[in-house]
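The lines below spell out each chain.
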Amino acid sequence: MVMLKRASGVISAVAGVGFAVQARAAELLGQPTPGAIDLQPAASPLKHQAIFFHNWILMPIITAITLFVLALLIWIIIRYNKKSNPVPARWSHNTLVEVIWTVVPVLILMFIAVFSFRLLYAFHEMPHPDVTVKATGNQWYWTYEYQNPTVAEFTSTVTPEARTTPQLYRLAADNPMVVPVNKVVRVLVTGADVIHAFAVPAFGVKIDAVPGRLNQTWFKAERIGTYYGQCSELCGVDHAFMPIQVNVVSQADFDAWVKSKGGGEAPVASSAPAASAAPAVSGASAPAASSAPAASSAPAAH
C-alpha cells in the first residue's frame, strides 16, 4: 500500500511537470521551446489537423494499449509465478483468444487509417495558391525564387552567431522567405546537389528536396510573426547550418518587400492561344517584419 501511494505521487509529479512544460511551450510560437515535450504550437490549418491526429487519435490508443499490456504483465507475474501456480497448464492454444488478438488490432488500424488518410489528403489537396515559392537546397544554404508575384532568386544563409541570440543561432537566416498572412503559399522544393529536406514545424510542413525532382507542399500561415525550421535531411558536414526562416507579414508589408526586391506581379496571360504565362494574382504582398534579422543579398560565409 505504501509503495502504491509512492508510485501515485511520482506519477502525479511527473504529470504536473509535463503539463507545466506544455503550458510553457505555448509561449514560443514558431520556434523550439527549451525543455518542451509536446509538438510546436500550430500556426496553419495543416498543423492543427496533425496535432489533433496525434493528441486525440494516436495518443489515447497508444496509452490504452500500453496500460492494457502492462496490466496483463502484472497479472501474469502475480497469478502465474512458480509460487502461486506450481503446476502449469498443459494447453497451448485458445481459438477465441487468437481470433480476438487478430481482429482487434485490425480494427484499431482501420480506425487510425480513416483519420490518417484524411490528413494525407489535406496535405496533398492544395487549394489555389496565392503565392508560389521555389525553394532549392544547396550545400549548405537555401535559395528562394518567387512566382506570382515574381521575385528573382536570392540566397538565404545562416545568421552569424554574433548577430543573433543563442536560442535562435542556426535557426535565424540572413535573408528569410517572406509571405503574406492568411494566404495559401505553394512551396516547390528541389535540391541542387544532394538530398535536403524543407521543414517548418509550426506549419506542419516537411518535404524532401531531391536533385532532379520537383516536390511541392503548401501552408497558410494564420498569424503574423517569424517562424523557423531547418533542413531535416543529413546532407553533409554543414547540415546544421541550413536554417529556414519564414517571416509572415501583412499584405501591405509583403507588397513593399516584393517592390524592394525589384519584383512585381506575374504577367497576365494574353488572349492568344499560347497561354503559357502564369495568371496575375490579385493579392500581392510585403516586407519582412522588423523583428527579423537584417537581410542581405550576399550569402554569409560559413
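Criteria and cut-off values
- Residues numbered from 1 in each chain as written.
- Predicted model: local features only at pLDDT ≥ 70, side-chain atom pairs only at ≥ 80, totals over all residues.
- Heavy atoms only, no water.
- pLDDT = per-residue confidence, 0-100.
- Helix = DSSP H or I, 4+ residues; strand = E, 2+ residues; numbered from the N terminus.
- Contact = heavy atoms within 4.5 Å.
- Buried < 20%, exposed > 50% of the residue type's maximum accessible area, 1.4 Å probe, protein only.
- Pairing = 2+ DSSP bridges.
- Axes fitted to C-alpha atoms, helices over the stretch in contact; angles between N-to-C directions.
- Core = buried A, V, L, I, M, F, W, Y, C linked by side-chain atoms within 4.5 Å.
- Arc of directions from axis to C-beta.
- 1 Å grid on protein atoms, 1.4 Å probe; cavity = no way out; pocket = protein on both sides within 12 Å on 5 of 7 lines; lining within 4 Å.
- Points joined across faces, edges and corners; volume = space filled by probe spheres on them.

1. Focus: the confidence of the model for the protein
Confidence along the protein averages 84 in pLDDT terms, with 78% of residues attaining 70 or more. The element-level mean pLDDT for the protein is lowest in helix α1 (residues 2–25), coming to 47, with strand β10 (residues 243–249) highest at 98. Confidence drops under a pLDDT of 50 for residues 1–8, and excluding neighbours within four residues, the segment shows 0 contacts in the predicted structure. Below a pLDDT of 50 lies the segment residues 266–302, which in the model reaches 90 contacts outside its immediate sequence neighbourhood of four places, other chains included.

2. Description of unusual backbone geometry
For the bond running from Q139 to W140, omega is -5 degrees, close enough to zero to count as cis. With respect to the helices and strands, W140 occurs in the loop between β1 (131–138) and β2 (141–147). Put simply, N148 and P149 share a cis peptide bond, and its omega is 0 degrees. Relative to the assigned elements, P149 resides in the loop between β2 and β3 (151–156). Although it is not a glycine, N148 adopts a positive phi angle of roughly 50 degrees. Despite not being glycine, N182 has its phi angle at roughly 60 degrees, a positive value. Note that N182 resides in the loop between β4 (177–180) and β5 (185–191). A relative accessible area of 45% places N182 in the partly exposed class.

3. Focus: the side chain of S44
Tracing the chain through its elements places S44 in the loop between α1 and α2 (45–79). What makes S44 buried here is its relative accessible area of 0%. Leaving out residues up to four positions away in the same chain, S44 has contacts with A202, F203, G204, K220 and E222.

4. Here we look at the sheet that holds β5
Spatially, 5 strands are ordered β3-β2-β1-β5-β8 in an open sheet, and the strand pairing comes out mixed. The open sheet is flanked by β3 and β8 (215–219), the only strands paired with a single partner. Mean inter-strand twist for the sheet, computed between neighbouring axes without regard to direction, equals 25 degrees. As judged from the 7 bridges shared by β1 and β2, these two strands associate in the antiparallel manner. Within β2, the position partnered with T132 by the bridge is Q147.

5. Observations concerning the nonpolar core
What tends to happen in soluble globular proteins is that the nonpolar side chains get buried as a cluster. Formed by 37 residues in total, the largest nonpolar core has its most connected members in W142, Y144, Y146, F198, F203 and V246. Residue contributions to this core peak at 4 residues, all from β10. F198 has contacts with A135, W142, Y144, M177, V187, V189, V205, K206, I207 and I244, leaving out every residue within four places of it along the chain. If you look at the next biggest cluster of nonpolar residues, it comprises 6 residues, including F53, I61, F115 and L119.

6. Remarks on helix α4 (residues 251–260)
The set of residues buried in α4 consists of F254, W257 and V258. Within α4, the buried residues cover an arc of 100 degrees as seen down the axis, which keeps them to one side. In α4, the exposed positions that point more than 90 degrees away from the buried face belong to A252, K259 and S260. Directly beyond the C-terminal end of α4, a positive phi value near 75 degrees is found at G262.

7. Quick look at the pairing of β3
Taken residue by residue, a regular strand's side chains alternate between the two faces of the sheet. Note that β2 and β3 share 4 bridges and pair antiparallel. Opposite T143, over in β3, you have T155 as the bridge partner. The antiparallel pairing of β2 with β3 creates a hairpin that spans 3 residues between the two strands, and N148 there sits at a positive phi of about 50 degrees.

8. Here we look at the layout of surface pockets
In this structure, the largest pocket occupies an estimated 640 Å³ of space. Around the largest pocket sit 21 residues that line it, and L72, W75, I76, V97 and W101 are the ones nearest its centre. Elements supplying a minimum of two residues to the lining of the largest pocket: α2 and α3 (95–124). In terms of residue count, the dominant contributor to the lining of the largest pocket is α3 (7 residues).

9. Side note on the sheet that holds β10
Strand order in this open sheet of 3 strands is β4-β10-β9, and the pairing throughout is mixed. Looking at the sheet topology across the chains shown, the edges are occupied by β4 and β9 (225–230). Put simply, the sheet's adjacent strands are angled 25 degrees from each other on average, direction ignored. The strands that α4 touches are β4 and β10; relative to β4, the one it contacts most, it runs at about 140 degrees.

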